[in-house]
Amino acid sequence: MRVCFYTLGCKVNLNETGALEHLFRQAGFVVVPPEQEADVYVVNSCTVTNFGDQKSRKWLRRQKREHPGAVTVLTGCYPQAFPDEAANCLEADLVCGNGDRHAILENVDKLLAGHERIVSIRPHEKNERFEELPVERFESHTRAFIKVEDGCNRQCAYCVIPRARGAVRSRSEASVLQELHTLAGAGYREAVLSGISLPSYGQDTGTDLFTLLEACETVDGIERIRLGSLDPDMLSDEGIRRLAKLKKLCPQFHLSLQSGCTATLRRMRRVYTAEQYAQVVEKLRAAFAPERISFTTDCICGFPGETEADFAESCDFLDKIGFLKVHVFPYSRRSGTPAYEFPDQVCEQEKQARSRRMNAHAEALRTRVLAGLAGSEEEVLLETPLSQTLFTGYTRLYVPIAVSAPGHKAGEIVRVRLGAYDGERVQAELVP
C-alpha cells in the first residue's frame, strides 16, 4: 500500500506530517510523492486563512477525480476549527482534527476494508495532555522539525488557532532529547524547534523554553538549533541573555509582528506596541553582538480599520527593523473570531492591493539586506541538490544559498563566501 501526504501551513504541521509518515511506514505503507499514484491521500490542513481551507478541498477533489478508488483523508486545523463545515467536505472519506492522530491509521484501515465514510473530530478538552508523535526521519527534508509545544492561550482578535489547537501543553524535556538523539543518529545536523506558541513552552509544566534549549545543546551530532516563531513580548531580558550564550543556536529570529502600526496592533489585541517590538530587537542585537543576527516576520495587510496612513506606517516599520524576510498576508476574515464582526472592514480588492505593495516593499528591503552580506563568510547546510555538484541551502542567518560543492552531499555543512542575490538565492562559492 502507498500513501501520499500534502502539508499546508506551519512547521508544526511539517512535524506532524513527519510523524504520520512514520506511523504509516511502521504499518507497512510506502510513502510516495504526489507525482506517483497512491492508495491513500492525506492532506494535513491549515486554517489560518480561508485560502488554506480552499487549497485543502481543491487538492482532495483532484485526488478523488484522478484516483476514484483511493482513500482520501482531511486532517489538521481546518476540521478542528470548523468541524461542521469540514464534515460536509464529501471529497474526504475520513475527516479528523488535531486530536488522537494515532487513530488515523486505524480508520484508514477500516476504509480500505470497505467501511463507509468516517467523520471523527475529537474536541479539545480541559487539562489536555501533549500527544506524543515521535519522528525518526523526514521525507525530502534535510532539517529536522521537532514539535515541543502545542496550543495557544492568547486571544488575538483575528486568530482562529486557539479553536484549532486548544490550550498550551508542553512536551517533556526527556521526550524532546530522546527524539533529538534519534534524529542526530539518523544524520540530521540541524533541528528546528517548533510550537504553536513556542515561548509558552513549560508554562503548564513548570519549566521554560530557555532551559529546554540549554539541554538540547548537549546532544552530540546536532550542530545547529533553530527556533520557530516567537512572540516578542515573551522574550525577557534574562531569557535573551541565556539565548546569547547558546553556541548551537542559529541567530535568526522569527519575531511575530502582524503590523508595524501600534493602532492596528491594539485593534488586533496584540499585547505589545511597535516601539516595544523594536526594543526587543535592539536587545537581541546587543546581546548577540558582534555576531551577525537576522530577523524574519509575518505581517497582515487590510485588518479592519487599517487606514492608508496605518498601512504606510507598517511599511516604514519594516525598514526600521531591517527584516531579512517578511511573509505578507491579506487579512482573512474568519468566522468565530472577534474581528469578524469589527466595523470598517477593508474590501478584498484593497487588501490584495496592499499585500502586493507590501510584498514589493519587503522584497526591496530583502535585496538591500542581502547586498550588505556580500563578501562575508557563512556556514551553509546543503539541502536540495540541483545537479551532481550544485546545491541549495541556508546559512545560520537563514540566507538562501546556491553553491557548487563538488565532492559534498546533502546534509553536510560547508563554509561559503556570499556573493550577489539573484532575486531567489544568494550565489556563493566554497571557501577552501
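Residues numbered from 1 in each chain as written. Predicted model: local features only at pLDDT ≥ 70, side-chain atom pairs only at ≥ 80, totals over all residues. Heavy atoms only, no water.

(A) Looking closely at the overall build of the protein. Of the regular secondary structure elements, the protein holds 13 helices and 18 strands. Taking the principal axes of its C-alpha atoms as reference, the protein extends roughly 60 × 60 × 45 Å. Residues classed as buried in the protein amount to 54% of the 432 residues present. For the protein, the share of sequence-separated contacts (at least 6 apart) that also reach a separation of at least 24 residues comes to 73%. (Helix = DSSP H or I, 4+ residues; strand = E, 2+ residues; numbered from the N terminus. Buried < 20%, exposed > 50% of the residue type's maximum accessible area, 1.4 Å probe, protein only. Contact = heavy atoms within 4.5 Å.)

(B) Representation of the side chain of Thr273 within the structure. Here Thr273 lies in the loop between helix 10 (262-268) and helix 11 (274-288). Among the residues examined, Thr273 registers a relative accessible area of 12% and is labelled buried.

(C) Local environment of the environment of Asn153. Residue placement: Asn153 occurs in the loop between strand 7 (144-150) and helix 6 (161-165). According to the relative accessible area criterion, Asn153 is partly exposed, its value standing at 45%. With 114 residues separating them in the primary sequence, Asn153 and Asp39 have C-alpha atoms 38 Å apart. Apart from the residues lying within four places of it in its own chain, the contact partners of Asn153 are Ala167, Val168 and Gln203. A polar contact is formed between the side chain of Asn153 and the backbone nitrogen of Val168, at a distance of 3.0 Å. (Polar contact = N/O pair within 3.5 Å; in protein donor to acceptor, adjacent residues only side chain to side chain.)

(D) Expanded view of helix 13 (residues 348-371). Spanning 24 residues, helix 13 covers 35 Å between terminal C-alpha atoms, matching the ideal 34 Å at 1.5 Å per step. When we look at burial in helix 13, the residues that qualify are Lys351, Ala353, Arg354, Ser355, Met358, Ala362, Leu365, Arg366 and Leu370. The elements touched by buried residues of helix 13 are strand 12 (294-301), helix 12 (308-321), strand 13 (325-330), strand 16 (400-404), strand 17 (413-421) and strand 18 (426-430). (Expected span 1.5 Å × (residues − 1).)

(E) Structural context of the sheet that holds strand 13. Here 3 strands make up an open sheet; going across it, the order is 11-12-13 and the pairing parallel. Two strands in the sheet have a free side with no partner beyond their single neighbour: strand 11 (252-254) and strand 13. On average, each strand axis in the sheet is inclined to that of its neighbour by 15°, with strand direction left out of account. Summarising the sheet, strand 11 and strand 12 pair through 3 bridges and their orientation is parallel. (Pairing = 2+ DSSP bridges. Axes fitted to C-alpha atoms, helices over the stretch in contact; angles between N-to-C directions.)

(F) Inspection of the nonpolar core at higher detail. Counting residues in each nonpolar core, the largest one holds 65 residues, and the members touching the most others are Leu243, Phe253, Leu255 and Leu284. By residue number, the principal contributor to this core is helix 11, which donates 7 residues. Those residues in contact with Leu284, other than ones at most four positions away along the chain, are Leu235, Ile240, Phe253, Leu255, Ile293 and Phe295. (Core = buried A, V, L, I, M, F, W, Y, C linked by side-chain atoms within 4.5 Å.)

(G) The arrangement of empty space enclosed by the protein in detail. Using the criterion set out here, one finds 1 cavity of 30 Å³ or more in the structure. Each pocket or cavity is described by its volume, and for the largest cavity that value is around 40 Å³. What lines the largest cavity is simply Asn15, Phe130, Glu131, Glu132, Leu133, Lys147 and Arg171. Looking at the lining of the largest cavity residue by residue, the class counts come to 2 nonpolar, 1 polar and 4 charged. (1 Å grid on protein atoms, 1.4 Å probe; cavity = no way out; pocket = protein on both sides within 12 Å on 5 of 7 lines; lining within 4 Å. Points joined across faces, edges and corners; volume = space filled by probe spheres on them. Nonpolar A, V, L, I, M, F, W, Y, C, P; charged D, E, K, R; others polar.)

(H) Representation of the sheet that holds strand 9 (residues 190-195). Overall, mixed pairing links the 4 strands, which are arranged 8-7-9-10 in an open sheet. Looking at which strands have only one partner, the edges of the open sheet turn out to be strand 8 (169-170) and strand 10 (224-227). Here helix 7 (residues 173-185) sits on the sheet in contact with strand 7 and strand 9, set at roughly 175° to strand 7.

(I) Highlighting the pattern of salt bridges. The final tally for this structure, using the stated rule, is 37 salt bridges. A salt bridge links Lys283 to Asp237; the nearest nitrogen and oxygen atoms lie 2.9 Å apart. Here Lys283, found in helix 11, pairs with Asp237, found in helix 9 (residues 237-244); they are 46 residues apart in sequence, far enough to count as distant. Relative accessible area serves as the criterion here: at 39%, Lys283 is assigned to the partly exposed category. For Asp237, a relative accessible area of 41% translates into the label partly exposed. Three or more residues joined by partner-sharing salt bridges are found here, namely Glu16, Arg101, Glu128, Lys147, Asp150, Arg165 and Arg169. (Salt bridge = Lys/Arg side-chain N within 4 Å of Asp/Glu carboxyl O.)

(J) Spotlight on unusual backbone geometry. Put simply, Ala289 and Pro290 share a cis peptide bond, and its omega is 5°. Notably, Gln258 is not glycine yet its phi reads approximately 80°, a positive angle. Note on placement: Gln258 falls in the loop between strand 11 and helix 10. A positive phi angle, close to 70°, is found at Tyr398, a residue other than glycine.

(K) Inspection of helix 8 (residues 209-216) at higher detail. A large share of helix 8 lies buried, amounting to 6 of its 8 residues. On the buried face of helix 8, the contacting elements are strand 7, helix 7, strand 9, strand 10 and helix 9. Where helix 8 begins, the side chain of Asp208 points an oxygen toward the backbone nitrogen of Phe210, at a separation of 3.1 Å.

(L) Here's a closer look at the packing of helix 12 against helix 13. Packing of helix 12 against helix 13 leaves a shortest axis separation of 10 Å and a crossing angle of 20°. Here helix 13 runs roughly parallel to helix 12, going by the angle between their axes. Classified by chirality, the crossing of helix 13 by helix 12 is right-handed. On helix 13, the residues that touch Glu308, Phe311, Ser314, Cys315, Leu318 and Asp319 of helix 12 are Glu350, Arg354, Arg357, Met358, His361, Leu365 and Arg368. Residues of the contact of helix 12 with helix 13, tallied by class, amount to 5 nonpolar, 2 polar and 6 charged. (Parallel < 35°, antiparallel > 145°, perpendicular 65-115°, else oblique. Left-handed = near helix turned anticlockwise from the far one by under 90°.)

(M) Layout of the packing of aromatic side chains. A complete count under the given rule lists 13 aromatic pairs for this structure. With 5.7 Å between their ring centres and 85° between their planes, Phe5 and Phe24 make a pair best called edge-to-face. Of this pair, Phe5 sits in strand 1 (residues 2-7) while Phe24 sits in helix 1 (residues 11-26), and the two are 19 residues apart along the sequence. Here the aromatic cluster, defined as three or more aromatic residues joined through ring pairs, consists of Tyr158, Phe303, Tyr331 and Phe342. The ring of Tyr340 has Arg333 sitting right over it, with the charged end atom 4.4 Å from the ring centre. (Phe/Tyr/Trp six-rings, centres within 6.5 Å; stacked < 30°, edge-to-face > 60°. Lys NZ or Arg CZ within 6 Å of the ring centre and 35° of its normal.)

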